[in-house]
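Residue-level structural notes
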Amino acid sequence: MTSQETAVTNYDCVIVGGGVVGLALGLALDQAGIRAAIIERQDPATIDWDRFDGRALSVAHGQQQFLTMLGAWDAIAPHAQAMKDILVTDGRVSEGAAPLYLHFDHRKSTTGAPLAHMVEHRYIRKSLLDLAQSSKHCRLLHSVEMTKLDRQDKMVTIELSDGTIVTTPLIVAAEGAMSPTRKALGFEVTGWDYNQKGIVTTVEHDLPHHGVAQEYFLPGGPFAVLPLPDDEQSGAHRASLVWTEATDVAETIMALDEDRFTEELRKRFGDYLGTVAPVGPRYSYPLRYQQALDFAGPRAALIGDAAHVVHPLAGQGMNLGLKDAAALAEVIVDASRLGLDWGSTAVLGRYEKWRRADTLGMAVVTDGLNRLFSNDNPILRIVRDVGLALVDRLEPVKRRLMAEAQAATGPLPRLMQGEKL
């Protein structure tokens, strides 16, 4: 529904941001009869869903369960590539990988499920948008932006760019790392730049990848090759490439013409998948660690990148955000059934405590790995290679790491366990 069709101006929850994470929260609340409004400045009708924009996401097993419970996975599944194995190696440009490595095999994980699924971003978002536009309680207020915010003791009043005014006991910021709603609510963030940029593109290659992902650590940063489904029209084998370099090096590489860019890519990629060539768009973005000092406050909560940004080497950004959405939905629904005020600090404190430890733990791991591997120190290279080989022989440790990657550890939200709220 559009804002013009919406008669109700008071909602149980207002979510600012209609990306994957914000939509997932709104749909989870919808299933429990909670009236949520999602404010999204983009008009879904203007999006070219037939064009691949180069973005692909890793969906962990627990998050796949969540999307299944929302009714979204059936539409996504035909476009998903199972990530069955991950090979972690160390090396140098043009020299190839070191002989010692770490191999994660999904068949030896606690669930036996694929470690993740790689899916183009457009298919996930479209599935969720279609559900939001046909849902019973969730309202998508699109083509508008928030222009005014007034947070009082019992209610938040929000004015939109089309003149609409909505009120709610709880506002949720879900617009991403630069969230203007977070800023308007007075949440502060801490963090630091890595002096690195991530280069993202898609490549075609001669040989099939068999669902194997490569995490290749180079002195400039991790070089991740992530399997994608074969091209639907040409049948070409494809992979998503997330390539980290120091900022100045990344900017130089991004400025290269197609031939020279391909040459630099091949130096790092190697020939294990035959001849490789970039296809589609390429883009880059600065890498930083960022975390809000608080994930929740009176009448307000943060989810997704609005709450935390971690290094992309583990591909967990969206997965952390979906876990936020599942956890916050559970907190809200449980409070509503007990007759509690779900916008109160007492209730939102449960969400804050639940998600802070998990996101901080992921930040520590990704930050530590990036610092350990993104250098060419000969002593550290020996330590890294030996360490990878030792962990590869410790099956209990590997199972634990695979469980973490599959989002199968810790106090999981019910929706991520395949249970209804």
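Higher on the page you've got the structure.
In this numbering scheme, every chain counts its residues from 1 along its sequence in written order. Two thresholds apply to this predicted model, a pLDDT of at least 70 for residue-level local features and 80 or more for giving and counting side-chain atom pairs, whereas whole-chain, interface and lining totals are computed over all residues. With hydrogens and water excluded, all non-hydrogen atoms of the structure serve as input to the side-chain values.

1. A word on the overall build of the protein chain
Inclusion rule: Numbering of helices and strands starts at the N terminus; helices are DSSP runs of H or I of at least 4 residues and strands are runs of E of at least 2. Throughout, the radius of gyration refers to the C-alpha atoms, and the reference size of a globule is 2.2 Å times the residue count to the power 0.38. Type-normalised accessible area, obtained with a 1.4 Å probe on protein chains alone, sets the label of each residue: buried when under 20%, exposed when over 50%, and partly exposed for intermediate values. Any two residues whose heavy atoms approach within 4.5 Å at even a single point are treated as in contact. Using a 1.4 Å probe, the Shrake-Rupley method yields the accessible areas, and only the shown protein chains count as cover for residues.
Assigned secondary structure in the protein chain consists of eleven helices and 20 strands. On C-alpha atoms alone, the protein chain measures out to a radius of gyration of 22 Å, which is about the 22 Å that the 2.2 N^0.38 rule sets for 421 residues. If you line up the protein chain on its principal axes, its C-alpha atoms span 65 × 40 × 40 Å. The buried share among the 421 residues of the protein chain stands at 55%. Partitioning the intrachain contacts of the protein chain with sequence separation of at least 6 by distance along the chain shows that 74% fall at a separation of at least 24. Taken as a whole, the protein chain presents about 17900 Å² of accessible surface, with 54% of it coming from carbon and sulfur.

2. Examining the sheet that holds strand β10 (residues 156-160)
As a reminder, the rule being used: A pair of strands is labelled paired if DSSP reports no fewer than 2 bridges between them. Axis lines are fitted through C-alpha atoms, for helices just across the contact stretch, and the angle between N-to-C directions can take any value from 0 to 180 degrees.
Strand order across the open sheet formed by three strands is β9-β10-β11, with antiparallel pairing between neighbours. The open sheet has two free edges, formed respectively by β9 (146-151) and β11 (165-168), since each of these has just one partner strand. Here the average twist between neighbouring strands, direction ignored, is 20 degrees. Note that β9 and β10 share five bridges and pair antiparallel. Residue pairing for β10: L149 is matched across the bridge by I158.

3. Brief notes about the sheet that holds strand β8 (residues 139-142)
Spatially, six strands are ordered β8-β2-β1-β12-β19-β18 in an open sheet, and the strand pairing comes out mixed. The open sheet terminates on both sides in strands that have one partner only, identified here as β8 and β18 (296-297). Pairing geometry for strand β2 (residues 36-40) and β8, over four bridges, is parallel. Note that in β8 the partner of I38 across the bridge is L140.

4. Overview of a nonpolar patch on the surface
Rules: Put simply, a patch holds well-exposed residues, over 30% relative accessible area, that have no salt bridge, with like charges counted together within 9 Å and Val, Leu, Ile, Met, Phe, Trp or Tyr side chains within 5 Å. When a carboxyl oxygen of Asp or Glu is within 4 Å of a side-chain nitrogen of Lys or Arg, the pair counts as a salt bridge.
Nonpolar side chains collect at one region of the surface, where V365, L369, L372, I379, L380 and V383 lie side by side and expose about 470 Å² of accessible area between them. Only α9 (345-373) and α10 (378-392) provide two or more residues apiece to the nonpolar patch. With relative accessibility at 62%, the residue I379 sits in the exposed group.

5. As for the pattern of salt bridges
Enumeration according to the criterion identifies 23 salt bridges in this entry. In this structure, the salt-bridge partner of E330 is R414, at a minimum N-O distance of 3.2 Å. Separated by 84 residues along the polypeptide, E330 in helix α8 (residues 317-337) and R414 in the segment after α11 (395-405) bring together distant segments of the chain. What you see here is one network of salt bridges that share partners, running through E245, E264, K267 and R268.

6. Description of helix α1 (residues 20-31)
Stated formally: One less than the residue count of a helix, multiplied by 1.5 Å, gives the span that helix is expected to have.
Between its first and last C-alpha, α1 extends 17 Å over twelve residues, near the 16 Å set by a 1.5 Å rise per residue. Taking burial as the measure, the twelve residues of α1 include eleven buried ones, the bulk of the element. Every buried residue of α1 is accounted for by V20, V21, G22, L23, A24, L25, G26, L27, A28, L29 and D30. Looking one or two residues past α1, G33 carries a phi angle of roughly 80 degrees, positive in sign.

7. Observations regarding the side chain of T244
Turning to its location among the elements, T244 is positioned in strand β16 (residues 237-246). Those residues in contact with T244 that lie beyond four places of it in its chain are Q196, K197, G220, G221, P222, L287 and H311.

8. Describing the environment of L128
Looking at the secondary structure, you find L128 in helix α4 (residues 121-133). Look at L128 and you get buried, because its relative accessible area is 0%. In sequence terms L128 and L23 are 105 residues apart; their C-alpha atoms lie 6.2 Å from each other. Excluding residues that lie within four positions of it along the chain, L128 makes contacts with V20, L23, A24, L27, L67, L70 and A72.

9. Examining the nonpolar core
Spelled out, the test is: Residues belong to one nonpolar core when they are buried, are Ala, Val, Leu, Ile, Met, Phe, Trp, Tyr or Cys, and are joined through side-chain atoms within 4.5 Å.
Counting 79 residues, the largest nonpolar core has L25, L29, F66, L128, V172, L328 and Y351 as the members making the most contacts within it. For this core, the element with the highest residue contribution is α8, accounting for eleven residues. L102, M118, F217 and V242 belong to the second-largest nonpolar core, a separate cluster that totals 18 residues.

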